[in-house]
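Inside the fold
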Amino acid sequence: MNIRLLAKRNIQGNAQRYLAYFFSIVLSVSIFFIYASFIFHPDVVHANIPGGQLISKGLIAAEIVIIIFSVFFIAYSNAAFIQPRKKEFGLLTLLGMSKSQLRKLIYLEQTMVSLISILIGVGLGFLFSKLFLMAVSWLLAVEQPISFVIVPEAFVYTIVGFILLFQLLSLLSLFHIGNAEVVDLLKGKQKPKKTPFVSKWLVALSAVCLSISYYLAGTMSLNNSYRVLPIVFFVLFGTYFLFSQSIVALCSRLYRKKKSLYGGTNLITQTNLIFNIKDYSRLFFLTSIITAVILTAAGTLFMFSADLKKQGMDNIPQSIGWVENDASVYSVIEPSAVEKTLKEDGFKILYEVNMTGVPITHMLPHMRTGESNENRSLLISESDYNNAAALRKIEPAKLSGKEALYIFPYGGLDYQFVRKGEQKELHFGNRTIQVTMIGQRNQSIVAPIKAATTLMVVDDQLYHEITADVPLKEMARVRGYEVKDWEESMETSSEIEQMSSNPDHNQLQTRAPIYQEMKQGSILILFIGLFVSLLFFIVQGSMMYLRVFTNLEDKKIQIHALHRLGLTKKEIRQILSAEIRILFFAPFLIGVIHAIVAYVALSNLLGSNLFVYSAMVIATYFLFQLLYYQVTKKMYERAVINSIK
């Protein structure tokens, strides 16, 4: 027997414990390799793929996330592997193994596992990289699929990078076990656990931190998006003390309810929970935060992709819209040419917009500084506004006398530039008109470009008084066409853009190209994000799996003793199921609550009701979590119950 053979047999003997860790590392290496294969693909490097550079940047960010996450996971796993084996290391030391030999044994074990997982991960990544390239080719809609080539840089960066990462973390873990005394190693698992201490102040602090974070998230909007960092800080702080203090306090309160405590197997389950909750608190904290991150990230990407069509219609009111600076002529494009092109390509016009207005200036506060600045708007009549609003199913304006309504085109931004009852001066030429503001609407009814970016709506009579002597050439005209099945009008929109005389390229706006570009980008981001979310989910489940099998030997001893006292195998299964259920679903519940609050904030930012999308994301995640729980429970029950003789 030598140290190398002993390390090999230790791995074989602890195969069940290493299983989830091994699978997680293989997945991390595979995804890292696949992404690296695309980043260093010759067609991407030489910019032969449209949009390839943009995806490459996203994948580089994903690679950094994978590395950072792998560091924490490997460090946590190494500690989880070493802790339950201290008694084994103590016995080896008593039998004559020196500290340097013990370090060598641990180092060889971790190196063997890491090398095997890296090689298998790279192999799987190489096999599936062709499918990844095919999927990206389809998403980018390139004429010729991205060719499959062997990318040497992907092999080098993946293999060398992960070997260095494993070696560094393995060396750091050796100091912890190498400096421990034999007595500590032998008795480390035998130290009696004390009843956990609870601080009422820390319980209150966790409630306050979470309340603050939920309030900030629930009232967040585009103009106060800087709240993200304070929200993250309060969530982390509050969640940590929630599990280390508040949950302990709750368990202690339940433990004092003798009526429920003595029912069935509750005494054993609750006793195990209350004395292990301190050990679980760190794991609960990490997994709940990971759950919240996965749900929030995946949900955000999915919601943004699913809500993209609505966002396109909200921000770009008509399928085709343009602004003529001189309302007396059509210098950008002739409406007849637009109508003819749409008809020839088989698109039905649902409605058209044709309104004129007077470009005016007025003072508005700056969003950041609050200082008053001169701004331009298009003055239009109440009738023109209401006609366009009716076509877009927007509530009409109701004005009288010298009242005015300010229209800001971006619904996601709830900043109020004007106040109800505010007196405002409108300037056009040498004339100045005093109006009373009835408020502001953040919505778009015509193409928000050039002179029509923002609108000032006034009563019809006042509008006619103002514009009675204004020649048509000094007014601006806004035209727009809404088209049925506009999502399919990419080629038609491009043709209309080429027909137009638009020297600044900002007087004509078509919805389909912008929508398709955003859709393509969002699908790619969603595609990349789902891979990373899957990795996070597997790693999170692996941490729970490791925790369960870390205490396997102690659990076998406890269950064996309880069985001798008369506990049936059915009752033992109830105890084991309850413990694993708490381990899997307590942090899941908190993570879901965090994610729901994040979804509320996202709904406020997008100005949409995202309840259905969020429910779908949470339900999908729950099904995966339930599957992971069932597999872990079956394996754990079999390992424990099979030890009963």
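Residues numbered from 1 in each chain as written. Predicted model: local features only at pLDDT ≥ 70, side-chain atom pairs only at ≥ 80, totals over all residues. Heavy atoms only, no water.

Notes on the pattern of salt bridges
Convention followed: Here, a salt bridge means any side-chain nitrogen of Lys or Arg that lies within 4 Å of a carboxyl oxygen of Asp or Glu. For helices the rule is a DSSP run of H or I covering at least 4 residues; for strands it is a run of E covering at least 2, with both sets numbered from the N terminus onward. Working definition: with a 1.4 Å probe on protein chains only, accessible area under 20% of the residue-type maximum means buried, over 50% means exposed, and in between means partly exposed.
Summed over all chains, the structure comprises four salt bridges. Residue D469 pairs with R431 through a salt bridge whose shortest N-O separation is 3.6 Å. On the criterion of sequence distance, the pair formed by D469 in the loop between α16 (460-467) and β8 (476-483) and R431 in strand β6 (residues 431-442) is long-range, its members being 38 residues apart. Looking at R431, the relative accessible area reads 33%, which means it is partly exposed. Where E482 meets R511, a salt bridge forms, and the shortest distance between an N and an O atom there is 3.0 Å. With E482 in strand β8 and R511 in helix α18 (residues 511-550), the pair connects residues that are 29 residues apart, well separated along the chain.

Re the packing of helix α13 (residues 308-315) against α18
Using the following cut-off: As a rule, the C-alpha atoms of each element are fitted with a line to give its axis, helices using only the stretch in contact, and angles between N-to-C directions run from 0 to 180 degrees. Crossings are sorted by hand: turned counterclockwise from the far helix by less than a right angle, the near helix makes the crossing left-handed, and turned clockwise it makes it right-handed. Residue contacts follow a heavy-atom distance rule, with two residues in contact if any of their heavy atoms lie within 4.5 Å. Note on residue classes: Ala, Val, Leu, Ile, Met, Phe, Trp, Tyr, Cys and Pro are nonpolar, Asp, Glu, Lys and Arg are charged, and everything else, Gly too, is polar.
Packing of α13 against α18 leaves a shortest axis separation of 10 Å and a crossing angle of 145°. In terms of crossing hand, the pair formed by α13 and α18 is right-handed. Of α18, the residues touching α13 (which contributes L308, K309, G312 and M313) are R511, Y515, M518, K519 and S522. The residue inventory of the contact of α13 with α18, partitioned by class, reads four nonpolar, two polar and three charged.

Thoughts on the packing of helix α17 (residues 490-499) against α18
Put simply, the test is: Here the word oblique covers every angle except those under 35 degrees (roughly parallel), over 145 (roughly antiparallel) and from 65 to 115 (roughly perpendicular).
Relative to each other, α17 and α18 sit at 130°, their axes nearing to 8 Å. By the angle class used here, α17 and α18 are oblique. Of the two elements, α17 crosses α18, and the hand of that crossing is left-handed. For the pair formed by α17 and α18, the contact residues are M490, S493 and E497 on the first element and A512, P513 and Q516 on the second. Split into classes, the residues belonging to the contact of α17 with α18 amount to three nonpolar, two polar and one charged.

Things to note about helix α14 (residues 335-344)
For clarity, the cut-off: This arc is taken over the directions from the axis of the helix to the C-beta atoms.
Every buried residue of α14 is listed here: P335, V338, T341 and L342. Mapping the buried residues of α14 onto a view down its axis gives an arc of 130°, with all of them on the same face. Exposed residues on α14 whose side chains face more than 90 degrees from its buried face are K340, K343 and E344. At its buried positions, α14 is contacted by β1 (320-324), β2 (349-365), β8 and α17. After α14 finishes, the residue G346 shows a positive phi value of roughly 85°.

Section: α16
For α16, the complete set of buried residues consists of L462, Y463, I466 and T467. For α16, the arc enclosing every buried residue in end-on projection is 120°, short of the 170-degree limit, so these residues lie on one face. Away from the buried face of α16 by more than 90 degrees, exposed residues Q461 and H464 are located. Buried residues along α16 sit against β2, β3 (372-381), β5 (423-428), β6 and β7 (455-458).

Brief notes about unusual backbone geometry
You will see that K450, though not glycine, has its phi angle at about 50°, which is positive. Unusually for a residue other than glycine, D485 sits at a positive phi of about 55°. Residue D485 is classed as partly exposed on the basis of its relative accessible area of 46%.

Concerning the confidence of the model for the protein
Under the convention used in this document: Each residue carries a pLDDT value, the predictor's own confidence for that position, ranging from 0 to 100.
Of all residues in the protein, 89% have pLDDT values of 70 or greater, and the mean over the chain is 81. In the model of the protein, helix α8 (residues 182-187) stands out as the element of lowest mean pLDDT, 55, in contrast to β7, which has the highest, 93.

So, the packing of aromatic side chains
To describe a pair of aromatic rings, you give the distance between the ring centres and the angle between the ring planes. We count it as follows: Working definition: rings of Phe, Tyr and Trp (its six-membered ring) pair if their centres are within 6.5 Å, and the pair is stacked with planes under 30 degrees apart, edge-to-face with planes over 60 apart, and tilted otherwise.
Inspection of the entire model under this criterion finds 28 aromatic pairs. Between the aromatic rings of F40 and Y157, the centroid separation amounts to 5.0 Å while the plane-to-plane angle is 10°, which identifies the pairing as stacked. Remark: Y157 occurs in helix α7 (residues 152-178) and F40 occurs in the loop between α2 (15-39) and α3 (42-45); sequence separation between them is 117 residues. The class of F40 is partly exposed, set by a relative accessible area of 27%. Take Y157: its relative accessible area is 49%, and that puts it in the partly exposed class. Put simply, the rings of F537, F584, F585, F588, Y621, F622, F624, Y628 and Y629 touch in pairs and so form one group of aromatic residues.

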